[in-house]
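Each chain, letter by letter, is given below.
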Amino acid sequence: MTSSTRREWLAPAALLTLSIVPVVAGTVRLTELAGSAPVEPENARFFATPEPAVVHIVAASVYCLLGAFQFAPGLRRRRPGWHRAAGLALIPCGIAAALSGLWMTVSYPQPPGDGPLLTGFRLMFGSAMTGSIALGFAAVRRRDIARHRAWMIRGYAIGLGAGTQALTLAPWILAFGETGELSRALLMLAGWLINLAVAEHVIRRQKSRTRRTAQRARDVRVSA
């Protein structure tokens, strides 16, 4: 494997690593629902109405894991058909993950430790994820690839929030113990904001690279 190939796979590898915590947690939850795990206050809502939780876990897991490979530019260039097919699978998975998350937020009893502020954040980012994927799909239908990529990157960043939230919550819990309603809400918010900040950096870098490529092409035509 060449150094350029290794660099190409750094981003997908990092995203797959970030997906491990929510995917494993979701798998554990599915195992509980499929088995005979004891019903306790923190999981009773899932046993009462398991369908949206199952949809959310499966859709979000596929979205995070499969979506990571869309960030390998060489794979997109070498196999554009695979990129399109994966994208067609990711759109319904992302929408299903976001909408089922919104449904659980408004319909499930509020779990211990959450509060109205975190509920508001979940509604805001779940809606933003749905809107980003919809705008990305609309953009690619117009053949506006730059806007398509930008909106899909934003949607993926929000969808991967659970992975980063594990990193923002863990140091607090290790240092201070369990979170309160306010600290939990703000630490969860930090996870989403960190992902969106990285997403905007990637989008701006791609725009800058596109402008430089276009400028070089114009310079070549002028010199010819």
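The structure contained in this document is the topic of the report that follows. Within each chain, residue numbers correspond to sequence positions counted from 1 in written order. The predicted origin of the model limits local features to residues at a pLDDT of at least 70 and limits the giving and counting of side-chain atom pairs to 80 or more, whereas totals for whole chains, interfaces and linings rest on all residues. The basis for every side-chain value is the complete set of heavy atoms in the structure, and neither hydrogens nor water enter the calculation.

A few words now on the overall build of the chain. Under the DSSP-based scheme used, a helix requires at least four consecutive residues in state H or I and a strand at least two consecutive residues in state E, with every element numbered from the N terminus. Of regular secondary structure, the chain possesses 10 helices and zero strands. The order of helices and strands in the chain, counted from the N terminus, is α-α-α-α-α-α-α-α-α-α. Counting over 224 residues, the chain shows a buried share of 37%. The contact criterion used is simple: two residues touch if any of their non-hydrogen atoms lie within 4.5 Å. Taking all contacts inside the chain whose residues are at least 6 apart in sequence as the whole, residues at least 24 apart take part in 71%. Only the protein chains shown count as covering a residue, and every accessible area follows the Shrake-Rupley method with a 1.4 Å probe. Total accessible area on the chain stands at roughly 13,000 Å², and carbon and sulfur atoms take up 66% of it. Positive charge is attributed to Lys and Arg, negative charge to Asp and Glu, and no charge count is given to His or to the chain ends. By convention, charge coordinates are those of NZ in Lys, CZ in Arg, CG in Asp, or CD in Glu. Averaging the coordinates of the 26 positive side-chain charges in the chain and doing the same for the 11 negative ones gives two points 20 Å apart. Using a 1.4 Å probe on the protein chains alone, a residue whose accessible area is under 20% of its type maximum counts as buried, one over 50% counts as exposed, and one in between counts as partly exposed.

What follows concerns the environment of Arg147. Its place among the elements puts Arg147 in helix H8 (residues 145-159). Setting aside its immediate chain neighbours within four residues, Arg147 contacts Ala139 and Arg142.

Another aspect to go through is the environment of His56. One can find His56 in helix H4 (residues 50-68). You can call His56 partly exposed: its relative accessible area is 26%. The sequence separation of His56 and Arg29 amounts to 27 residues, and the corresponding C-alpha distance is 11 Å.

It is worth spelling out a nonpolar patch on the surface at this point. Taken together, the side chains of Ile20, Val24 and Val28 define a hydrophobic patch exposed on the protein surface, amounting to about 250 Å² of accessible area. One can find Val28 in helix H2 (residues 10-34). The class of Val28 is partly exposed, set by a relative accessible area of 45%. For patches, a residue must show more than 30% relative accessible area and have no salt bridge; joins then use 9 Å for like charges and 5 Å for nonpolar side chains, namely Val, Leu, Ile, Met, Phe, Trp and Tyr. Salt bridges are defined as contacts in which a side-chain nitrogen from Lys or Arg sits within 4 Å of a carboxyl oxygen from Asp or Glu.

This next bit is on the packing of aromatic side chains. Paired rings are identified among Phe, Tyr and Trp, the last through its six-membered ring, by centres lying within 6.5 Å, and are further divided according to the angle between planes into stacked (under 30 degrees), edge-to-face (over 60) and tilted (the rest). One pass over the full model with this rule turns up seven aromatic pairs. When the centroid spacing of 5.6 Å and the interplanar angle of 85° are considered together, the rings of Phe46 and Tyr108 count as edge-to-face. Of this pair, Phe46 sits in helix H3 (residues 44-48) while Tyr108 sits in the loop between helix H6 (80-107) and helix H7 (116-141), and the two are 62 residues apart along the sequence. Aromatic pair Tyr63 and Tyr156: ring centres 5.7 Å apart, planes at 45°, arrangement tilted. Of this pair, Tyr63 sits in helix H4 while Tyr156 sits in helix H8, and the two are 93 residues apart along the sequence. With respect to burial, Tyr63 and Tyr156 carry one shared label: buried.

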